[in-house]
Amino acid sequence: MEIDWVELTDSAKAAMAKAYAPYSKFPVGAAALTTDGRIISGANVENASYGLGLCAECSLVSELFRTGGGKLAAFACVDGNGEPLMPCGRCRQLLYEHSAEGMLLQTTVGIKTIQEVLPEAFGPEDLNR
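Quick caveat: nothing in here was measured; it's all calculated off a predicted structure.

(A) Representation of a nonpolar patch on the surface in the model. A contiguous nonpolar patch, built from Y20, Y23, V45, Y50 and L54 and spanning about 520 Å² of accessible area, is present on the exposed surface. Residue placement: V45 occurs in the loop between β2 (39-43) and α2 (56-66).

Here you go:
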């Protein structure tokens, strides 16, 4: 599958522009290419109680299922300046569960696989051990 990283990053930037981040002033946008060729996106949505805010990755996974499900093949995340942003550990776990084998992520140091950014991940297959 051919990945257009410019298009994916532009989609993340467009999502970031719609983030709701009045408390942290740290808008985040995320975009992913699905294995069936769709580009989906999400943005962070904060809440006055802070802990109930949603990360852009959560918004993106919700969009994945809202638009037909599937698996993620490639992922990009940007900060308020449009620069690549590494997902936090919680979000890497969320992405892992919904990723295709070998999903690629645009990181602050280049393109990496989901296994490289979350080695020895715990997933649904571990529940049956």
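(B) Region of interest: the packing of aromatic side chains. Using the criterion set out here, one finds 1 aromatic pair in the structure. When the centroid spacing of 5.8 Å and the interplanar angle of 85 degrees are considered together, the rings of Y23 and Y50 count as edge-to-face. On the criterion of sequence distance, the pair formed by Y23 in the loop between α1 (5-16) and β1 (29-34) and Y50 in the loop between β2 and α2 is long-range, its members being 27 residues apart.

(C) The arrangement of unusual backbone geometry in detail. In this structure, K25 takes a positive phi of about 60 degrees despite not being glycine. Taking relative accessible area as the criterion, K25 reaches 62% and is therefore assigned exposed. The phi dihedral of Y50 is positive, around 60 degrees, even though this residue is not glycine. A residue is classified by how much of its surface remains accessible, and Y50, at 61% relative accessible area, is exposed.

Rules used throughout
Residues numbered from 1 in each chain as written. Predicted model: local features only at pLDDT ≥ 70, side-chain atom pairs only at ≥ 80, totals over all residues. Heavy atoms only, no water. Patch = residues over 30% accessible without salt bridge, like charges linked within 9 Å, V, L, I, M, F, W, Y side chains within 5 Å. Areas by Shrake-Rupley, 256 points an atom, 1.4 Å probe, with all protein chains shown as cover. Salt bridge = Lys/Arg side-chain N within 4 Å of Asp/Glu carboxyl O. Helix = DSSP H or I, 4+ residues; strand = E, 2+ residues; numbered from the N terminus. Phe/Tyr/Trp six-rings, centres within 6.5 Å; stacked < 30°, edge-to-face > 60°. Buried < 20%, exposed > 50% of the residue type's maximum accessible area, 1.4 Å probe, protein only.

Fair warning: the whole summary comes from geometry, so function is off the table for now.
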